[in-house]
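An overview of the molecular structure
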Amino acid sequence: MAQKQALVLSCLGVYRLLQVPPQLRHIPKVPLWPLIRSYLSGEVEEQRVRRLVLPFAKRMNTDVVVVFCLGDWMVQVLEPKLGRQLLENPVVRKQPQPDGMLLWRLIGRNNVFMSDGEMWKRQSRIMHDALRQTTPIDKFTSLARTTFSLIGDGGRVRWSDYTHRYTLDAVGTTVIGYDFEALAKPHGSFVRRYHDVMNAIANPPYVVFPSLERWLPRHSVRAMVDSFVEDFCKILQEKRNNPGNDVITYMFQEPEMTEVEYRDNSIVTFIGGHDTTAGALSTTIYFLAKYPEVQERLRKEVISVLGNEEPRIEHFSKTPYLNAVIRESLRYNTPTNITVPRISDEPLRIGGYVIPPGTAIALHMGAAHHNESAWESPDRWNPDRWLDEKKLDQTNWVSFGHGPRRCPARNFSLYEQRVLISMLLREYRLSLPEDSIHRDTLKNAFTAFALSLPENLDIDFVKIA
């Protein structure tokens, strides 16, 4: 009898979970079962939003929808100006995330990415101050040279692997002050363990239903996460004993930050600081390899501005086409698809709908970048759109977020990309293999962060004599 009652209660719980809350039924709901099938199949976020969410929103003539996401219903904003209205509203704050999800166990909650209120203000100031003190163009240049030494005279290269190694060493040496040697030792212990942890966390059923961590806990994955965090803390202790010219050293000089804040900010910077830029670099090189006429046009600009000189910051104010190519790649394959959900203690009016207090609401940046109301031919990769400022509303570009909580490392990432791409085009010609899995369209890997990371991207390199 007790077992039957438990089964009935479980079924009722699942039924209620899958029903849109009454207070949200006035907002168009993306059909549930196609979403569930998409999640469980491992379909990546950017494909799902273009295949299911945006077509549904277009049929319903709306830029605000209710979506089942991360085991609950949330409101998603699909248009950049409405997103700006949301993110710049002073009454909204980050939604506290559930305890069970291993992603939060890894990155913590006391960091500039997840915190709110006075803690966020303090951490944001420290992060901005630290990043302003260093734009390590010389380090990016050195790492680019190391990358070219590995490519050698050319041939087929797993470029999506190289970008991760380049960006990991960039964030390691300049932000954390620790050399992970990802370029020199791609199968090194720490690098391998990081990828093992992220792959283990990104199990589709557990991403779709985070409460599974309570019902069917993955003890071995928890142990992997805890061991990785423990070893990362050892790196931080080594950094404290050997300070240098890096962001973490600057953070250690702030007496107001706690040990937990040091740890959480270092880990989230480590993850966010290299994965997103790696994805962006893979995307840009993919399109340059696919469109040789764009590649040649960009190469001419780079050579005309840089010549044989090492890159300097002032060079990139004279490379409008390079900047356009990078911005268009960041739009087309937005590195981070969705913001951390917000909530408000007051009703919000977004896009003609009243959002009740306590409702999770997020800007879907990937959808905003492919919304036909904001962009002409959004599914076409077209760098030229950025060269006519009179026709383009650049406030629709939200790759680094909007408002005061925009990514603090956006300039760091942009210069990191400019340096590698400009130097690469002087050294090599690029092409996409005929048998590439990306021949028709760019394919991303499934991740727990809903990041856009091209998967198994091979590029053919030919050394320029």
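Further up the page is the structure itself.
Here the structure is a predicted model, which is why all the values come from computation and not from measurement.

So, about the sheet that holds strand β4 (residues 154-158). The strands that make up a sheet are held in pairs by hydrogen bonds between backbone atoms, and each pair lies either parallel or antiparallel. With antiparallel pairing, the three strands of this open sheet are ordered in space as β4-β10-β9. Unpaired on one side and paired on the other, β4 and β9 (428-431) mark the two borders of the sheet. Averaged over all pairs of adjacent strands, the angle between strand axes in this sheet comes to 30°, irrespective of strand direction. Strand direction decides the pairing type here: β4 and strand β10 (residues 458-463), joined by five bridges, are antiparallel. Across the sheet, residue Arg158 finds its bridge partner in β10, namely Asp458.

What follows covers the layout of surface pockets. In this approach, a probe sized like a water molecule rolls over the atoms, and the result shows the empty space that is left. Its boundaries defined by the atoms lining it, the largest pocket holds a volume of some 660 Å³. Lining of the largest pocket is provided by 25 residues; of these, Ser160, Asp161, His164, His195 and Asn199 occupy positions nearest its centre. Among the secondary structure elements, those contributing two or more residues to the lining of the largest pocket are α8 (159-176) and α9 (189-201). In terms of residue count, the dominant contributor to the lining of the largest pocket is α9 (six residues). Taken together, the residues of the lining of the largest pocket break down into 12 nonpolar, seven polar and six charged. The calculated volume of the second largest pocket comes to roughly 400 Å³. Sort the elements by how many residues they give to the lining of the second largest pocket and strand β2 (residues 72-77) lands first, with three residues.

One can find Thr276 in helix α14 (residues 259-290). A distance of 2.7 Å separates a polar side-chain atom of Thr276 from the backbone oxygen of Gly272. Residues in contact with Thr276, not counting those within four places in the same chain, are Pro335, Thr336 and Leu451.

Conventions used here
- Residues numbered from 1 in each chain as written.
- Predicted model: local features only at pLDDT ≥ 70, side-chain atom pairs only at ≥ 80, totals over all residues.
- Heavy atoms only, no water.
- Pairing = 2+ DSSP bridges.
- Helix = DSSP H or I, 4+ residues; strand = E, 2+ residues; numbered from the N terminus.
- Axes fitted to C-alpha atoms, helices over the stretch in contact; angles between N-to-C directions.
- 1 Å grid on protein atoms, 1.4 Å probe; cavity = no way out; pocket = protein on both sides within 12 Å on 5 of 7 lines; lining within 4 Å.
- Points joined across faces, edges and corners; volume = space filled by probe spheres on them.
- Nonpolar A, V, L, I, M, F, W, Y, C, P; charged D, E, K, R; others polar.
- Polar contact = N/O pair within 3.5 Å; in protein donor to acceptor, adjacent residues only side chain to side chain.
- Contact = heavy atoms within 4.5 Å.

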